[in-house]
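Listed below are the residues making up each chain.
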Number of protein chains: 2
Amino acid sequence: MKVRILVSFKDSVLDPQGQTVKNALHTMGYAAVKDVRQGKVFELDLEGATKKEAETLVPEIARRVLANPIIEKFDWEILKGRQGSSP
Amino acid sequence: MKVRILVSFKDSVLDPQGQTVKNALHTMGYAAVKDVRQGKVFELDLEGATKKEAETLVPEIARRVLANPIIEKFDWEILKGRQGSSP
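Residues numbered from 1 in each chain as written. Chains lettered and ligands numbered in written order. Predicted model: local features only at pLDDT ≥ 70, side-chain atom pairs only at ≥ 80, totals over all residues. Heavy atoms only, no water.

What to know about the overall build of chain A
Rules: Where helices and strands are cited, they refer to DSSP runs of H or I of at least four residues and of E of at least two residues respectively, numbered from the N terminus. For a compact globule the rule gives 2.2 Å times the number of residues to the power 0.38, and the radius of gyration it is set against comes from C-alpha atoms. Each residue is assigned to one of three classes by its accessible area relative to the maximum for its type, calculated with a 1.4 Å probe on protein chains only: buried under 20%, partly exposed between the two thresholds, exposed over 50%. Contacts were defined at the residue level, with two residues in contact if any of their heavy atoms lie within 4.5 Å. In this description, accessible areas are obtained by the Shrake-Rupley approach with a 1.4 Å probe, and a residue is regarded as covered only by the protein chains that are shown. The charged-residue count follows a simple rule in which Lys and Arg add positive charge and Asp and Glu add negative charge, with His and chain termini not counted at all. For charged residues, the charge sits on one atom: NZ in Lys, CZ in Arg, CG in Asp, CD in Glu.
If you tally the helices and strands in chain A, you get 2 helices and 3 strands. Reading the helices (α) and strands (β) of chain A from amino to carboxyl end gives β-α-β-α-β. Taken against the 2.2 N^0.38 rule, which gives 12 Å for 87 residues, the C-alpha radius of gyration of chain A at 16 Å runs more than 25% over that of a compact globule. Within chain A, the proportion of its 87 residues that are buried is 39%. Contacts in chain A between residues far apart in sequence, at least 24 positions, make up 71% of those at least 6 positions apart. Of the roughly 4,900 Å² that chain A leaves accessible, carbon and sulfur atoms contribute 53%. Side chains of chain A give 14 positive and 12 negative charges; the mean places of these two sets differ by 4 Å.

Quick look at the structure:
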């Protein structure tokens, strides 16, 4: 089973990387971009885990290892045979 | 309109950060985790863009700025009023 965990700064925390990307996009003429927030994504391959086990395991891993709960939040989902698409 | 862009290494490219996370998880006893791939996530707030405009703009921004097309792939989606969830 593949799961995807998204880790990003809490809304109350400044995101200098995102601000830098936003400024770069404005300089390049993409004025429609009003805000950018940057974060991390982890895709985990869990072998032999049921959905119920994943629901316990994944938040535990996210809290203990992947995210800093003081300044970051996380969200996760089970990937159902989806593939990343792009050239 | 909010869009989410996921940027990660192509499958053929080694991912040392993901390997390090995997090894750390194994050391901590999470043996079910068979593989970890790490990437970046960008959430963009596009003001006044229609879905059609976003379908042109977002892949262009991803290719030009957010991803290195030589070694990275990207995937994107429109966020429909979804909020990140976690404590």
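From this point, the discussion proceeds with the structure in view.
Comments concerning helix α2 (residues 51–66) of chain A
Listed as buried for α2 of chain A are A54, L57, V58, P59, I61, A62 and L66 of chain A. Residues of α2 of chain A that are buried make contact with β1 (2–9), β2 (33–46) and β3 (72–79) of chain A together with α1 (16–27) and β2 (33–46) of chain B.

Regarding the interface of chain A and chain B
Formally: Salt bridges are counted wherever a side-chain nitrogen of Lys or Arg sits within 4 Å of a carboxyl oxygen of Asp or Glu. Two N or O atoms form a polar contact when they lie within 3.5 Å of each other; inside protein one atom must be a possible hydrogen donor and the other a possible acceptor, and for residues adjacent in sequence the pair counts only when both atoms belong to side chains. Lys, Arg, Asp and Glu make up the charged group, whereas Ala, Val, Leu, Ile, Met, Phe, Trp, Tyr, Cys and Pro make up the nonpolar group; the residues left over, Gly among them, are polar.
Listed by partner, the interface residues are 39 residues for chain A and 39 residues for chain B. Across the chain A-chain B interface, the total number found is 2 salt bridges. The tally of links from chain A across to chain B stands at 14 residue pairs in polar contact (both at pLDDT 80 or more). Contributions of two or more residues to the side of chain A that touches chain B are made by β1, α1 (16–27), β2, α2 and β3 of chain A. Top element by residues in the side of chain A that touches chain B is β2 of chain A. It accounts for 14 residues. Here the residues of the side of chain A that touches chain B sort into 19 nonpolar, 6 polar and 14 charged.

A look at the relation of the copies chain A and chain B
Note the threshold: In this comparison the copies share one frame, found by least squares on the C-alpha atoms of residues holding pLDDT of at least 70 in both.
Least-squares fitting of chain A to chain B yields an RMSD of 0.0 Å, with the transformation described by 0.0 Å of translation along the axis and a rotation of 180°. Such a combination of rotation and displacement between the chain copies is what one expects of a two-fold axis. The C-alpha atom lying nearest the rotation axis in chain A is that of K40 of chain A; the distance is 2.2 Å. Mapped onto chain B, 100% of the interface residues of chain A again fall at the interface, so both copies present the same surface.

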